[in-house]
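Listed here are the chains, written in short residue letters.
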Amino acid sequence: MQEYFFEGIKRLDWGFGNPNITAGLLAILMMAVWGLSPIHRWFFWISLASFTTLGVFLVQTISRGGVLAALAGGAVLLLFARRPWRKSHLISIASCLLGLVIYSLVLGSAPRFAKGIVEEDASVGNRWIIYRITPSMMVDAPGGWGIKQADEAFHNFYQPEGRLERYGSLVSSHLTWL
């Protein structure tokens, strides 16, 4: 089993073979724990503690996609959450989120989260190329490229000259399956 590191920090992987898969699961679980909150007023605190614990694990995966998924899921939850919100709940949630940001800075994972937003990142740049080219690949091979062959087809026929990044898939299982 391969271990993943970012600048000497071991990325959390619960045995899924890739920290990004672990991060996806964590982002889903972080949203799911809020389902307890409406059951009883004290369950809010259980939800918040669970959310924060899962957030610590998410930060340890050092997965940008996982953090983005958690942010998107959180935005949807906020949109549909019952109102009015208690001031104590808002302050507690904001404190936990601030704690997660501080933990990310202390752990040293924050630079990876910022990379690709603040500065150019080869991984992010190559993803945009893959997203742009995938429709052409689907048109060129309507029956598919074969099991685990889409990434090879991309590298051999579609990846621009001078780009040498290699991946085990088309970075997204959805794109690989398409």
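This one's a predicted model, so the numbers in the text were calculated from it and none came from an experiment. (Residues numbered from 1 in each chain as written. Predicted model: local features only at pLDDT ≥ 70, side-chain atom pairs only at ≥ 80, totals over all residues. Heavy atoms only, no water.)

Time to look at the overall build of the protein. Along the backbone of the protein there are 8 helices and 2 strands. Taken from the N to the C terminus, the helices and strands of the protein come in the order β-β-α-α-α-α-α-α-α-α. Every one of the 178 residues in the protein was classed for burial, and the buried ones make up 34%. In the protein, the proportion of contacts linking residues at least 24 apart, taken out of those at least 6 apart, comes to 61%. (Helix = DSSP H or I, 4+ residues; strand = E, 2+ residues; numbered from the N terminus. Buried < 20%, exposed > 50% of the residue type's maximum accessible area, 1.4 Å probe, protein only. Contact = heavy atoms within 4.5 Å.)

This part is about the nonpolar core. By size, the foremost hydrophobic cluster in this structure holds 14 residues, and its most contacted members are M30, W34, F51, L58 and A70. Mapped onto this core, the elements with two or more residues apiece are α1 (19-32) and α2 (43-61). Ignoring any residue separated from it by four or fewer positions in sequence, one finds F51 in contact with M30, M31, V33, W34 and L97. One finds I133, M137, F154 and L170 within the second-largest nonpolar core, a separate group that totals 9 residues. (Core = buried A, V, L, I, M, F, W, Y, C linked by side-chain atoms within 4.5 Å.)

Glancing now at the layout of surface pockets. Approximately 1400 Å³ is the volume found for the second largest pocket. Taken together, 37 residues form the lining of the second largest pocket, with W34, F51, L77, L78 and I93 sitting closest to its centre. Breaking the lining of the second largest pocket down by element, the ones donating at least two residues are α1, α2, α3 (64-80), α4 (87-107) and α5 (110-114). Residue composition of the lining of the second largest pocket, grouped by class: 26 nonpolar, 7 polar and 4 charged. (1 Å grid on protein atoms, 1.4 Å probe; cavity = no way out; pocket = protein on both sides within 12 Å on 5 of 7 lines; lining within 4 Å. Points joined across faces, edges and corners; volume = space filled by probe spheres on them. Nonpolar A, V, L, I, M, F, W, Y, C, P; charged D, E, K, R; others polar.)

Right, let's get into α1. Between its terminal C-alpha atoms α1 stretches 20 Å, which fits the 20 Å expected from 14 residues at 1.5 Å a residue. The set of residues buried in α1 consists of P19, T22, A23, L26, A27, M30 and M31. Buried residues along α1 sit in contact with α2 and α3. (Expected span 1.5 Å × (residues − 1).)

Within the chain, I62 stands out as a residue other than glycine whose phi angle is a positive 55 degrees. If you trace the backbone, I62 turns up in the loop between α2 and α3. On the basis of relative accessibility, which here comes to 0%, the residue I62 falls in the buried class.

The first and last C-alpha atoms of α3 sit 25 Å apart over 17 residues, in line with the 24 Å expected at 1.5 Å per residue. All of the buried residues along α3 are R64, G66, A70 and G73.

Averaged over the protein, the pLDDT score is 85; the fraction of residues at 70 or greater is 88%. Across the protein, the element-wise mean pLDDT spans from 59 in helix α8 (residues 173-177) up to 96 in α2. (pLDDT = per-residue confidence, 0-100.)

This brings us to a nonpolar patch on the surface. A cluster of nonpolar side chains, contributed by W14, F16, I21, L25 and L29, occupies part of the molecular surface with about 430 Å² of accessible area. You can see I21 is positioned in helix α1. Of the residues examined, I21 reaches a relative accessible area of 46% and is grouped as partly exposed. (Patch = residues over 30% accessible without salt bridge, like charges linked within 9 Å, V, L, I, M, F, W, Y side chains within 5 Å. Areas by Shrake-Rupley, 256 points an atom, 1.4 Å probe, with all protein chains shown as cover. Salt bridge = Lys/Arg side-chain N within 4 Å of Asp/Glu carboxyl O.)

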